[in-house]
Amino acid sequence: MAFNKIYKYYDLIYKDKDYFGEANHVNSIIKKHNPSFSLLEYGSGTGKYTEIFKSKNYKIKGVEISDEMHRIAIKKGLDSINQNMISFKSEEKFDNAISMFHVFSYLNSDNDINIFFKNLHENIKKKGLFVFDAWYTPSVLHLKPTVRKKNYKDNQISIERTSYPEIITKSNSVKVNFLFKIQDNVNGEIQKISETHLMRHFSIPEIQKYANTHGFKLIDSCELITKKLPSNKTWSLLHTIQKK
């Protein structure tokens, strides 16, 4: 499970991410294609996007597999369900659904993707949108993931994160091995945590194929926030599909 060790530092690590810009882009898509306010969020994590959409008067429910991240969202007063998004079946139908921050790329197998789309189709209403971002195959193959090191800190802790990627060609995926070095700024104690994330990348024809197979149509694929057309330098794309 991703982030099962580093969950308590998640919000610090991604504090500079433009959640508001991304949420505003998604909001504009919903307003354009299917304006309504009941929203299902897959892979809602600690609730960063959930909070923003809630502030925009959406009735939003999150689905999160991580017990720890789910509990953080609950403490924030958010509506979060602790379940696997692949198999999640809702008792109520939502107007639209979203999945952000590459959560869709954690669906590694064709079987998982097909089960997810089958359940998604049942969880949203006719004409409902599913807006999601995922790693983009042409860009991943062109830019190629490399070893990267980043640092984060606040008054209490300092974090050094190093990522070691491994391309797995046969499955259109990248195994990313993370090493976190976490230092307590008060007492100087250091702990090391490692996690492995398996990320699948997708081409636009693949997304279109899955959409058509499960009763959806692809409306658009573009860069997140900028809304530019895809290029081989666009690491991830924002896709919008609509239930027929």
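For the structure itself, consult the block above.
Summarised in this report is the structure supplied together with it.

**Some remarks on the packing of aromatic side chains**
- For the coordinates displayed, the defined rule picks out 20 aromatic pairs.
- Clustering of aromatic rings is evident, with ring pairs tying together Y42, F104, F116, F117, F130, F132, F202, Y210 and F216.
- The ring of F101 has K17 lying over it, and the distance from NZ or CZ to the ring centre is 3.9 Å.

**Describing the nonpolar core**
- Judged by nonpolar contacts, the single largest core of 37 residues is most densely connected at Y9, I13, V26, F53, I159 and F180.
- Elements with a minimum of two residues in this core: α1 (10-13), α2 (19-33), α3 (48-55), β5 (129-136), β7 (157-168), β8 (173-184) and β9 (190-202).
- Aside from chain neighbours lying at most four places away, what touches I13 is I6, Y152, I159, R161 and F180.
- If you look at the next biggest cluster of nonpolar residues, it comprises 26 residues, including F116, I124, F132 and A211.

**Points about the pattern of salt bridges**
- On inspection of all chains with the given rule, the structure shows seven salt bridges.
- Salt-bridge contacts for E51 lead to K76; the nearest nitrogen and oxygen are separated by 3.9 Å. Separated by 25 residues along the polypeptide, E51 in helix α3 and K76 in the loop between α4 (67-75) and β3 (80-81) bring together distant segments of the chain.
- Here D110 and R200 are joined by a salt bridge, their closest N and O atoms 3.0 Å apart. Of this pair, D110 sits in helix α5 (residues 110-123) while R200 is found in strand β9, placing the two residues 90 residues apart along the sequence.
- The exposure class of D110 is partly exposed, given its relative accessible area of 41%.
- Overlapping salt bridges, with partners in common, bring together D11, E51 and K76 in one network.

**Structural notes on the packing of α2 against α3**
- Two numbers describe how α2 lies on α3: the axes approach to 10 Å, and their chain directions differ by 55 degrees. Accordingly, the angle class assigned to the pair α2 and α3 is oblique. Seen from above, α2 lies across α3 with right-handed handedness. Facing Y19, F20, E22, A23, V26 and N27 of α2, the residues of α3 in contact are K48, Y49, I52 and F53.
- Tallied by class, residues from the contact of α2 with α3 come to seven nonpolar, one polar and two charged.

**Side note on helix α7 (residues 204-213)**
- Looking only at α7, the buried set comprises E206, I207, Y210 and A211. Down the axis of α7, the sector holding all buried residues measures 135 degrees, keeping them to one side. Opposite the packed face of α7, turned more than 90 degrees from it, sit the exposed residues P205, K209 and T213.
- Where α7 is buried, its residues contact α5, β5, α6 (137-143), β9, β10 (216-222) and β11 (236-243).
- Just downstream of α7 lies G215, where phi reads positive at about 85 degrees.

Conventions used here
- Residues numbered from 1 in each chain as written.
- Predicted model: local features only at pLDDT ≥ 70, side-chain atom pairs only at ≥ 80, totals over all residues.
- Heavy atoms only, no water.
- Phe/Tyr/Trp six-rings, centres within 6.5 Å; stacked < 30°, edge-to-face > 60°.
- Lys NZ or Arg CZ within 6 Å of the ring centre and 35° of its normal.
- Core = buried A, V, L, I, M, F, W, Y, C linked by side-chain atoms within 4.5 Å.
- Buried < 20%, exposed > 50% of the residue type's maximum accessible area, 1.4 Å probe, protein only.
- Helix = DSSP H or I, 4+ residues; strand = E, 2+ residues; numbered from the N terminus.
- Contact = heavy atoms within 4.5 Å.
- Salt bridge = Lys/Arg side-chain N within 4 Å of Asp/Glu carboxyl O.
- Axes fitted to C-alpha atoms, helices over the stretch in contact; angles between N-to-C directions.
- Parallel < 35°, antiparallel > 145°, perpendicular 65-115°, else oblique.
- Left-handed = near helix turned anticlockwise from the far one by under 90°.
- Nonpolar A, V, L, I, M, F, W, Y, C, P; charged D, E, K, R; others polar.
- Arc of directions from axis to C-beta.

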